[in-house]
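Architecture at a glance
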Amino acid sequence: MPKLGRSALVALFVLVAVATAAVTALLINIFERQAEQTTPFVRLVDVGEDDVDPSKWGTNWPLQYDGYRRTATMTSTRFGGHGGSEALPAEKIERDPWLKRMFNGYAFAIDYRDRRGHAYMLSDQENTERLKKPQSGSCLHCHASVMPLYRKLGNGDADKGFEKTYQFSYQELHAMLKAEGIAHPVSCVDCHDSKTMALRVTRPGFIRGIRALAASNADVPALPSIAEWRRGSRATPYDPNVDASRGEMRSFVCGQCHVEYYCGDKLPLTFPWGNGLTVDQIETFWDAQKFKDGAPFFDFAHAETGAPVLKAQHPEFELWNQGIHARSGVTCADCHMPYAREGATKVSDHWVRSPLLNINRACQGCHRFDEGELQARVDAIQSRNHALLQRGGQAITALIDRIVAAKKAGVSDASLETARALQRKAQWRLDFIAAENSMGFHAPQEAARVLAEAIDYARQGEIAAQTAMTNR
């Protein structure tokens with residue numbers, strides 16, 4: 001073999017040195033990442049059950065806290081999000097006047113704005129014009145980190161404290177939060193165990209509601225742990241913190257607040273899941289409820305028609321349960337808090353927002369299509385449901401007009417009973433989708449069905465009012 005020249009030897013030496021350095025750097029990087037994985041966080045400060053300020057938790061978990069802080073960022077999509085000024089979001093009731101007409105006689109006819117991020121959930125409630133009307137202290141259940149206050153009101157028993165909150169006005173309970181120095185939006189402690197950081201549900205309203213659902217015979221294809229619990233002895237009530245899978249908990253922590261419930265001063269805050277989670281099953285639950293004086297349940301009497309109607313809150317959890325994503329095991333966090341990689345650490349993105357603002361990580365992990373195609377699919381679903389929603393708004397307005405005309409013509413209340421009952425059914429369904437924050441995307445076919453029924457009931461009510469007027 002020919003001998004290598006001096007320059008060739010030098011080149012070979014340099015090449016070997018570079019390769020050795022590269023391999024060494026790679027190994028060091030691997031070892032560092034492995035070390036990071038064994039210590040996902042360093043507990044620099046102690047946090048406990050009464051620590052509701054997220055900034056304190058942020059000392060130990062800065063990546064998650066940075067994401068949480070970004071929920072103060074103004075974001076919007078075509079059919080949702082914050083579209084107003086930095087001071088307050090835009091008014092829904094100005095953009096869609098039929099909403100104001102539908103809620104006539106209720107505080108939502110005074111002030112009903114677009115949603116904002118979690119960082120604003122308490123301040124927006126504090127500043128709503130709806131507080132001009134009496135509001136129950138129960139309203140803080142989902143807008144503030146209230147568990148320490150519940151424990152104080154219940155002498156250490158949060159469930160007993162929760163029972164008492166509806167008896168206080170919003171202003172009274174809010175003043176208590178302020179006095180305790182714990183007036184914060186929903187915080188880390190509401191979804192995480194302060195010792196282990198494990199996901200958990202804390203809200204008594206959800207725990208009671210999910211237990212009632214488990215004890216019912218309603219189909220729950222998206223909640224396999226309930227089906228498994230039902231196959232057991234049922235000696236111990238269903239406990240989401242014990243019986244649910246970690247995947248289910250990634251939706252349950254959201255379902256503590258993104259749900260339909262009664263929030264007033266006549267009954268404790270109630271999740272209406274005793275018959276199931278569909279709009280019809282919830283309606284049946286409310287129809288069977290009585291106030292403590294024996295009067296039939298309703299949220300408010302419509303100021304123009306007198307109909308005792310229901311007001312939906314924000315039933316994302318219920319509608320999601322009817323959709324293909326839920327039945328496929330896709331959780332709320334998978335789409336709204338998708339995993340992100342920070343070095344060797346995999347964390348859920350705590351910048352909770354619309355998946356449309358984060359399609360790459362929120363959608364493309366499962367759907368192998370480009371962003372434009374996925375955006376178009378969502379837009380088609382939401383556009384169709386929005387069109388149905390607007391037609392429903394026209395139908396409910398026409399029904400209200402017809403009942404008002406019948407009243408002016410001297411038609412008796414007894415003769416208008418059918419029309420008012422149909423207004424209740426129509427308005428409940430229309431509001432169920434209007435108040436739900438996905439414009440039907442969480443369960444497209446179910447949302448379209450509910451809106452179609454809303455339109456149908458409204459037109460039936462219009463005919464019933466006209467018939468009553470004709471036969472007077």
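Before reading further, recall that the structure is shown in the block above.
Residues numbered from 1 in each chain as written. Predicted model: local features only at pLDDT ≥ 70, side-chain atom pairs only at ≥ 80, totals over all residues. Heavy atoms only, no water.

Moving on, we come to the overall build of the protein. Per the secondary structure count, the protein includes 21 helices and six strands. Along the first, second and third principal axes, the C-alpha atoms of the protein reach 115 × 55 × 50 Å. Sorting the 472 residues of the protein into buried and exposed places 47% on the buried side. Residue pairs at least 24 apart in sequence account for 66% of intrachain contacts in the protein once pairs closer than 6 positions are excluded. Each charge class in the protein can be summarised by its mean position, and for the 56 positive and 55 negative side chains these summaries are 2 Å apart. (Helix = DSSP H or I, 4+ residues; strand = E, 2+ residues; numbered from the N terminus. Buried < 20%, exposed > 50% of the residue type's maximum accessible area, 1.4 Å probe, protein only. Contact = heavy atoms within 4.5 Å. Lys, Arg positive; Asp, Glu negative; His and termini not counted. Charge placed at Lys NZ, Arg CZ, Asp CG, Glu CD.)

What follows covers the pairing of strand β5 (residues 339-342). One ladder, built from four bridges, connects β5 with strand β6 (residues 345-348); its direction is antiparallel. The partner of Tyr339 across the bridge, within β6, is Ser348. Counting the residues that bridge the hairpin from β5 to β6 gives two residues, and of these Gly343 lies at a positive phi of roughly 65°. (Pairing = 2+ DSSP bridges.)

Looking now at empty space enclosed by the protein. Tallied over the full model, the rule gives one cavity of 30 Å³ or more. There is about 40 Å³ of room inside the largest cavity. As for the largest cavity, its lining consists of Leu277, Thr278, Val279, Glu318, Leu319, Gln322, Phe432, Glu446 and Val450. Split by residue class, the lining of the largest cavity holds five nonpolar, two polar and two charged. (1 Å grid on protein atoms, 1.4 Å probe; cavity = no way out; pocket = protein on both sides within 12 Å on 5 of 7 lines; lining within 4 Å. Points joined across faces, edges and corners; volume = space filled by probe spheres on them. Nonpolar A, V, L, I, M, F, W, Y, C, P; charged D, E, K, R; others polar.)

Before going further, it helps to examine unusual backbone geometry. For Arg234, which is not a glycine, the phi torsion comes out positive at approximately 60°. Its location among the elements puts Arg234 in the loop between α11 (224-230) and α12 (240-243). Positioned with a positive phi, Met439 is a non-glycine residue whose angle comes to about 50°. With respect to the helices and strands, Met439 occurs in the loop between α20 (417-435) and α21 (444-470).

The residue Thr165 is located in the loop between α8 (158-164) and α9 (170-180) in this model. For Thr165, the side chain forms a polar contact with the main-chain oxygen of Phe162, separated by 2.9 Å. With near-sequence residues (within four places) excluded, Thr165 lies in contact with Ser136, Gly137, Ser138, Tyr150, Leu153 and Leu173. (Polar contact = N/O pair within 3.5 Å; in protein donor to acceptor, adjacent residues only side chain to side chain.)

Our next topic: the environment of Asp193. Mapped onto the elements, Asp193 comes out in the loop between α9 and α10 (204-215). As for Asp193 and Glu49, which are separated by 144 residues in sequence, their C-alpha atoms are 8.1 Å apart. Residues contacting Asp193, with those up to four places away along its chain left out, are Ala198 and Arg200. Among the polar contacts made by the side chain of Asp193, one reaches the main-chain amide nitrogen of Lys195 at a distance of 2.8 Å.

A separate point is α10. Given a rise of 1.5 Å per residue, twelve residues ought to cover 16 Å, and the 17 Å separating the end C-alpha atoms of α10 matches this to within 8%. All of the buried residues along α10 are Pro204, Gly205, Phe206, Ile207, Gly209, Ile210, Leu213 and Ala214. On its buried face, α10 is in contact with α7 (147-153), α8, α11, α12, α13 (246-255) and α15 (316-320). (Expected span 1.5 Å × (residues − 1).)

With respect to the helices and strands, the residue His174 is situated in helix α9. Of note is the side chain of His174, whose polar atom sits 2.6 Å from the side chain of Glu126. Apart from residues no more than four positions distant in its own chain, His174 is found in contact with Glu126 and Leu140.

As for its position among the elements, Gln445 is in helix α21. On the basis of relative accessible area, Gln445 is assigned to the exposed category, the value being 73%. It is 9.3 Å that separates the C-alpha atoms of Gln445 and Asn385, two residues lying 60 residues apart in sequence.

The grouping of Val10, Phe13, Val14 and Val18 at the surface amounts to a nonpolar patch, some 400 Å² of accessible area in total. Mapped onto the elements of the fold, Val10 is located in helix α1 (residues 6-38). (Patch = residues over 30% accessible without salt bridge, like charges linked within 9 Å, V, L, I, M, F, W, Y side chains within 5 Å. Areas by Shrake-Rupley, 256 points an atom, 1.4 Å probe, with all protein chains shown as cover. Salt bridge = Lys/Arg side-chain N within 4 Å of Asp/Glu carboxyl O.)

Counting residues in hydrophobic clusters, the biggest one holds 56 residues, and the most contacted among them are Leu99, Phe103, Trp286, Ile396, Trp428 and Leu430. Taken together, the elements giving at least two residues each to this core come down to α5 (97-102), α14 (279-288), α19 (371-408), α20 and α21. Broken down by element, this core gets its largest block of residues, eleven residues, from α21. Formed by 51 residues, the second largest nonpolar core is a distinct cluster that contains Cys142, Leu173, Val253 and Leu269. (Core = buried A, V, L, I, M, F, W, Y, C linked by side-chain atoms within 4.5 Å.)

As a further point, take the packing of aromatic side chains. Applying the stated criterion across every chain, the model contains 24 aromatic pairs. Taken together, a centroid distance of 4.6 Å and an interplanar angle of 20° make the contact between Tyr106 and Phe300 stacked. Of the two residues, Tyr106 sits in the loop between α5 and α6 (121-126) while Phe300 sits in strand β3 (residues 300-301), which places them 194 residues apart along the sequence. Residue class for Tyr106 comes out buried when judged on its relative accessible area of 17%. Exposure remark for Phe300: the relative accessible area of 4% places this residue in the buried category. With centroids separated by 6.1 Å and ring planes inclined at 75°, the aromatic side chains of Phe206 and Phe317 adopt a geometry described as edge-to-face. Residue Phe206 is found in helix α10, and its partner Phe317 is found in helix α15; the two are separated by 111 residues along the sequence. Accessibility expressed as a relative area gives 0% for Phe206, which makes it buried. (Phe/Tyr/Trp six-rings, centres within 6.5 Å; stacked < 30°, edge-to-face > 60°.)

Honestly, that's just the spatial picture; any functional story needs more than this.
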